[in-house]
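# What the coordinates show
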Amino acid sequence: MSGDTGTTAVAPPPGETEPGHGVRIVVEYCEPCGFEATYLELASAVKEQYPGIEIESRLGGTGAFEIEINGQLVFSKLENGGFPYEKDLIEAIRRASNGEPLEKITNSRPPCVIL
């Protein structure tokens, strides 16, 4: 064996790029707040839809869950008070990969509250 790990990447047909290729996402989140699980869930959903996308995580300040697409802030938990819906982030990525202007995501789902 040549040292393969067994994973294979499937290349898109010639002349086509993989969906999400060229789109870069940075998610800054508060780890002590327990937001890593939310980041991982969101990153998994995005990678499923856009396998070629680049997602980077950074540790942020208290209460932070901020998302940038290609350097533009598109979601801020500090401003909205909740987390983004997956469908809204997927739509923003679609727009970015098509070269369309990005709009800030203002919809948010409330953070979990234990009564």
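Fair warning: this is a prediction, and the values are worked out from it, not measured in the lab. (Residues numbered from 1 in each chain as written. Predicted model: local features only at pLDDT ≥ 70, side-chain atom pairs only at ≥ 80, totals over all residues. Heavy atoms only, no water.)

## Some points on the overall build of the protein
To be explicit about the condition: Each helix is a run of H or I in the DSSP string that is no shorter than four residues. Each strand is a run of E no shorter than two, and both are numbered from the N terminus. The buried label goes to any residue with under 20% of its type's maximum accessible area, the exposed label to any with over 50%, and the partly exposed label to all in between, with areas taken from a 1.4 Å probe on protein chains only. Whether two residues are in contact is decided by their heavy atoms, any of which lying within 4.5 Å being enough.
Secondary structure summary: the protein contains three helices and four strands in total. When the elements of the protein are put in sequence order from the N terminus, they spell out β-α-β-β-β-α-α. Buried residues in the protein amount to 33% of all 115 residues. A fraction of 68% describes how many contacts in the protein between residues 6 or more apart in sequence connect residues 24 or more apart.

## Here's the deal with the packing of aromatic side chains
Defined as follows: Working definition: a ring pair exists when centres of Phe, Tyr or Trp rings (six-membered ring for Trp) sit within 6.5 Å. Plane angles under 30 degrees give stacked, over 60 give edge-to-face, the rest tilted.
One pass over the full model with this rule turns up four aromatic pairs. Ring geometry for Tyr29 against Tyr39: centres 5.2 Å apart, planes inclined by 15 degrees, an arrangement best described as stacked. In this pair, Tyr29 sits in strand β1 (residues 24-29) while Tyr39 sits in helix α1 (residues 36-49), placing the two residues ten residues apart along the sequence. For Tyr29, a relative accessible area of 4% gives the class buried. Aromatic side chains Phe35 and Phe83 sit 5.0 Å apart centroid to centroid with 85 degrees between the ring planes, which places their arrangement in the edge-to-face category. Placement of the pair is Phe35 in the loop between β1 and α1 and Phe83 in the loop between α2 (77-80) and α3 (86-97), with a sequence separation of 48 residues. Its relative accessible area of 4% is what places Phe83 among the buried residues.

## Here we look at the layout of surface pockets
Worth spelling out the cut-off: Grid spacing is 1 Å over the protein atoms alone, the probe is 1.4 Å, and a cavity is where that probe fits but cannot get out, while a pocket is an open set with protein on both sides within 12 Å along at least five of seven lines and lining residues have an atom within 4 Å of a point. Grid points are joined across faces, edges and corners, and a volume is the space filled by probe spheres set on the points. Three residue categories are used. Nonpolar comprises Ala, Val, Leu, Ile, Met, Phe, Trp, Tyr, Cys and Pro, charged comprises Asp, Glu, Lys and Arg, and polar comprises the others, including Gly.
When its volume is computed, the largest pocket comes out at roughly 160 Å³. Around the largest pocket, the lining residues are Asp88, Glu91, Ala92, Arg95, Leu102, Glu103, Lys104, Ile105, Thr106 and Asn107. Per-class residue counts for the lining of the largest pocket are three nonpolar, two polar and five charged.

## Things to note about α3
Operational definition: Working rule for helices: expected span equals 1.5 Å times residues minus one.
Its twelve residues give α3 an end-to-end C-alpha distance of 16 Å, which sits within 8% of 16 Å, the value for a rise of 1.5 Å per residue. All buried positions along α3 are accounted for by Asp88, Leu89, Ile90, Ala92, Ile93, Arg95 and Ala96. Where α3 is buried, its residues touch β1, α1 and β3 (65-69).

## Observations concerning the state of the cysteines
Condition: For the purposes of this analysis, a disulfide is any pair of cysteine sulfur atoms at a distance within 2.5 Å.
Inspection of every chain in the model, using the stated rule, returns one disulfide. Between the sulfur atoms of Cys30 and its disulfide partner Cys33 the distance amounts to 2.1 Å. Around the S-S axis, the bridge from Cys30 to Cys33 shows a dihedral of about 70 degrees and counts as right-handed.

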